[in-house]
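# A look at the structure
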Amino acid sequence: MVGKRVSTGVSFSKESHCNSSKDLLQSKEFYLLMELYCNNIAEKDGNQVAFLNQHFTEEGYVDCWRIPHLMLDIHEKNYESHLSTLDSTDFLSGFFDFLFGFYNYTMRMYEPYLLGAWASENEKEALLHIAMCRDQTNLIMDTMSQIIENLDHYKITGRGN
């Protein structure tokens, strides 16, 4: 996991703008945000730490970068390579809790809608930034909604089709 001295947040920029859920879930910023969230959990939530250790430990450490891959596959309804994980006892309830917490953390930490001091110097850039941020925020919300909806459908049907 990333040390606190390495990074404490993720900021939005033109270069980090994503056009699709796949781009978002595979972006450097998303991976970093996931790692920061897992670090936060490690400090504050013993239940979530146990969940991460049970389902995402690889070679003695929590590989939190596997989580966005799982999220992408759930978003795309590609459950096949994750059946043993998805069908394991208590995974779905724990992962729902994890996703809800991660969503809230993302909305607090990512802050793509904030304007810097530069905005008053260039109104056109500020308007472009606001439009891109709105688009990025909507993409985050839509992506998380789709993942939760697909996961809920998988839970209800037991097969995700």
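In what follows, the accompanying structure is described. Note that the coordinates shown come from a computational prediction; the quantities given were computed from them, not determined experimentally. (Residues numbered from 1 in each chain as written. Predicted model: local features only at pLDDT ≥ 70, side-chain atom pairs only at ≥ 80, totals over all residues. Heavy atoms only, no water.)

### Some thoughts on the overall build of the protein
For the protein, the count of helices and strands is seven helices and two strands. Listing each helix as α and each strand as β along the protein from the N terminus yields α-α-α-β-β-α-α-α-α. Evaluated residue by residue, the protein yields a buried proportion of 44% over its 161 residues. Summed over its atoms, the accessible surface of the protein is roughly 9,100 Å², and 50% of this surface lies on carbon and sulfur atoms. (Helix = DSSP H or I, 4+ residues; strand = E, 2+ residues; numbered from the N terminus. Buried < 20%, exposed > 50% of the residue type's maximum accessible area, 1.4 Å probe, protein only. Areas by Shrake-Rupley, 256 points an atom, 1.4 Å probe, with all protein chains shown as cover.)

### Regarding the environment of Leu-36
The residue Leu-36 is located in helix H2 (residues 28-44) in this model. Leu-36 sits 70 residues away from Thr-106 along the chain, and the two C-alpha atoms are 9.9 Å apart.

### Details of H2
Taking 1.5 Å of rise per residue, the 17 residues of H2 would be expected to cover 24 Å, and the 25 Å separating its terminal C-alpha atoms lies within 8% of that figure. Across the 17 residues that make up H2, a large majority, 12, are buried. Within H2, burial applies to Glu-29, Phe-30, Tyr-31, Leu-33, Met-34, Glu-35, Leu-36, Tyr-37, Cys-38, Asn-39, Asn-40 and Ile-41. Contact partners of the buried residues in H2: helix H1 (21-25), helix H3 (46-56), helix H4 (66-75) and helix H6 (91-109). (Expected span 1.5 Å × (residues − 1). Contact = heavy atoms within 4.5 Å.)

### Considering the nonpolar core
Counting 37 residues, the largest nonpolar core has Ile-67, Met-71, Phe-95 and Phe-98 as its most contacted members. Within the residue set of this core, elements represented by two or more residues are H1, H2, H3, H4, H6 and helix H7 (123-157). It is H6 that provides the largest number of residues to this core, a total of nine residues. Leaving out residues up to four positions away in the same chain, Phe-95 has contacts with Phe-51, Phe-56, Ile-67, Leu-70, Met-71, Ile-74 and Leu-151. (Core = buried A, V, L, I, M, F, W, Y, C linked by side-chain atoms within 4.5 Å.)

### Here's the deal with the pattern of salt bridges
Two side chains carrying opposite charge are able to pair once their charged atoms lie near each other. All told, the structure shown has one salt bridge when counted by the stated rule. A salt bridge links Arg-66 to Glu-58, with the shortest nitrogen-to-oxygen separation between them at 3.7 Å. Using a relative accessible area of 32% as the deciding quantity, one classes Glu-58 as partly exposed. (Salt bridge = Lys/Arg side-chain N within 4 Å of Asp/Glu carboxyl O.)

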